[in-house]
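Listed here are the chains, written in short residue letters.
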Amino acid sequence: MLRTAIRRAASARPARRTLSEASITVDFPGAYTAHLGDEPAATAETNKTELLEYFKTMYTMRRMEITCDNEYKARTIRGFCHLYDGQEAIGTGVQAALSPEDSWITSYRCHCIALARGGTVEGVLAELMGQSHGQTGGKGGSMHFYNKEHNFFGGQGIVGAQVPVGTGLAFANKYKTPLGEPMPVAIGCYGDGAANQGQIWESMNMAALWKLPMIFCIENNQYGMGTSIARHSCNNDYYTMGNVIAGLKMDGMNVLSVREGMKHVRDYVSQGNGPMVVEMSTYRYHGHSMSDPGKIYRDGAEVKAMRENNDPIKNVRQLLLGHTDATEDELNTIEKNIRAEVEAARDRALAGSTPSSTDDLVRNIYLDEHGKDVPQSYIRLPDYEKSIRA
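In short, a report on the structure. The model shown is predicted, which means the values in this text are computed figures rather than measured ones.

**Side note on a nonpolar patch on the surface**
- Together, Phe171, Tyr175, Met206, Leu209 and Trp210 make up a nonpolar patch on the protein surface, roughly 590 Å² of accessible area in all.
- As for its placement among the helices and strands, Tyr175 is situated in helix 5 (residues 162–175).
- On the basis of relative accessible area, Tyr175 is assigned to the exposed category, the value being 67%.

Structure (structure tokens):
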């Protein structure tokens, strides 16, 4: 539970209220547990403007994922679809702590990270619908978003496969930084279900040997697909899995604790101290994917209790109402406007069209030695007769 203290300007407003730019000190005792290192201070400085921005971002993520659910059921979105609702504080808090130069790669549960790293709701939805104006041209779908301009390297469809790639990004960041200067960092996010993958252990070993600026970030949403953490991992303290690598566990349902914790982690790894293993304690409201109703291995009361008692959006809403001059009407209006914006983005996405020619499909696969796109004359499909021949 959050405990707050308020610092008011000399021209103080009524008790428990503050102006948009006036500082609020928020304490969150117990939010961190460290392994082989120091815990950051469990406190954050913020203000109304900042909290409103986090509120808008997370509510947009939530409505976008709910729209994905609805469109999947309407069959305008098909294939794999893994939703992020419940985990919005992580995507928002990490983005607030990182620099634009930092590299970010994540798992197939990537819609909201794509949005945080320069994407749009329309671009995300259009991609999920296979439309040509989607974020990756309608050719990637739910698990394969990408935005090089904003140093976002995906969405990966294979469990844990993003972590070695993220370690390579960290290697590149170190290699390109002059000796002795702070380095851009790389963060590789993966779920608790992937945490015991061999490729992750190997990546940790190399990152530690070479002191790479790599953040191994486990989004522990308590279930690896339909299996609880108590049943799928002999070590449930994921932040200790680096053995000799420093680790930090943090409250992943509180955007401020995520932001402050990740600032601490980023500072550590960017200074040449080597990698760090981070565990975000969080919860997903949907099942593992849209094909999983999420009801067999957990009961509705568990999900309901999390929604009522520790929802990341409600946490920010309570701070705004309790410690700024924000009102219920103001926040309700923001929610109403965001719902309308997401619906409009959905309509524009639906009005798009799929890639229109073979030329769209044979590009963006290989580059030549000069970095120029080389269209492919033949792409083998599972059904040989349907293979693409340009």
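**Some words on the packing of helix 1 (residues 48–73) against helix 8 (residues 255–270)**
- It is the contact of helix 1 with helix 8, at a shortest axis distance of 11 Å, that shows an interaxial angle of 105°. Here helix 1 lies roughly perpendicular to helix 8, going by the angle between them. Of the residues in helix 8, those touching helix 1 at Glu50, Leu51, Tyr54 and Met58 are Val255, Leu256 and Arg259.
- When grouped by side-chain class, the residues that make up the contact of helix 1 with helix 8 number five nonpolar, no polar and two charged.

**Some words on the sheet that holds strand 7 (residues 214–220)**
- Taken together, the six strands give an open sheet; going across it, the order is 3-10-11-7-6-5, and neighbouring strands pair in mixed fashion. Since the sheet does not close on itself, it has two edges, and those belong to strand 3 (32–35) and strand 5 (103–105), each with one partner. Going across the sheet, the axis of each strand differs from the next one's by a mean of 20°, ignoring polarity.
- Summarising the sheet, strand 6 (residues 186–191) and strand 7 pair through six bridges and their orientation is parallel.

**So, the packing of helix 2 (residues 88–97) against helix 8**
- Orientation of helix 2 relative to helix 8, taken along the N-to-C sense of each, is 40°, at an axis distance of 8 Å. With respect to helix 8, the axis of helix 2 lies oblique. Two packed elements cross with a definite hand, and for helix 2 against helix 8 that hand is right-handed. Contacts from Ala89, Ile90, Thr92, Gly93, Val94, Ala96 and Ala97 of helix 2 reach helix 8 at Val255, Val258, Arg259, Met262, Lys263 and Arg266.

**Digging into the environment of Gly294**
- Following the sequence through the fold, Gly294 ends up in the loop between strand 11 (276–281) and helix 9 (300–310).
- A sequence separation of 68 residues divides Gly294 from Gly226, and the C-alpha atoms of the two residues are 7.4 Å apart.

**Quick look at helix 10 (residues 312–323)**
- Its twelve residues place the ends of helix 10 17 Å apart at the C-alpha level, agreeing with the 16 Å of an ideal helix rising 1.5 Å per residue.
- Taken across its twelve residues, helix 10 has nine buried, putting it largely inside the fold.
- N-cap assignment for helix 10: the residue whose side-chain oxygen lies 3.0 Å from the backbone N of Ile313 is Asp311.

Calculation notes
- Residues numbered from 1 in each chain as written.
- Predicted model: local features only at pLDDT ≥ 70, side-chain atom pairs only at ≥ 80, totals over all residues.
- Heavy atoms only, no water.
- Patch = residues over 30% accessible without salt bridge, like charges linked within 9 Å, V, L, I, M, F, W, Y side chains within 5 Å.
- Areas by Shrake-Rupley, 256 points an atom, 1.4 Å probe, with all protein chains shown as cover.
- Salt bridge = Lys/Arg side-chain N within 4 Å of Asp/Glu carboxyl O.
- Helix = DSSP H or I, 4+ residues; strand = E, 2+ residues; numbered from the N terminus.
- Buried < 20%, exposed > 50% of the residue type's maximum accessible area, 1.4 Å probe, protein only.
- Axes fitted to C-alpha atoms, helices over the stretch in contact; angles between N-to-C directions.
- Parallel < 35°, antiparallel > 145°, perpendicular 65-115°, else oblique.
- Contact = heavy atoms within 4.5 Å.
- Nonpolar A, V, L, I, M, F, W, Y, C, P; charged D, E, K, R; others polar.
- Pairing = 2+ DSSP bridges.
- Left-handed = near helix turned anticlockwise from the far one by under 90°.
- Expected span 1.5 Å × (residues − 1).
- Polar contact = N/O pair within 3.5 Å; in protein donor to acceptor, adjacent residues only side chain to side chain.

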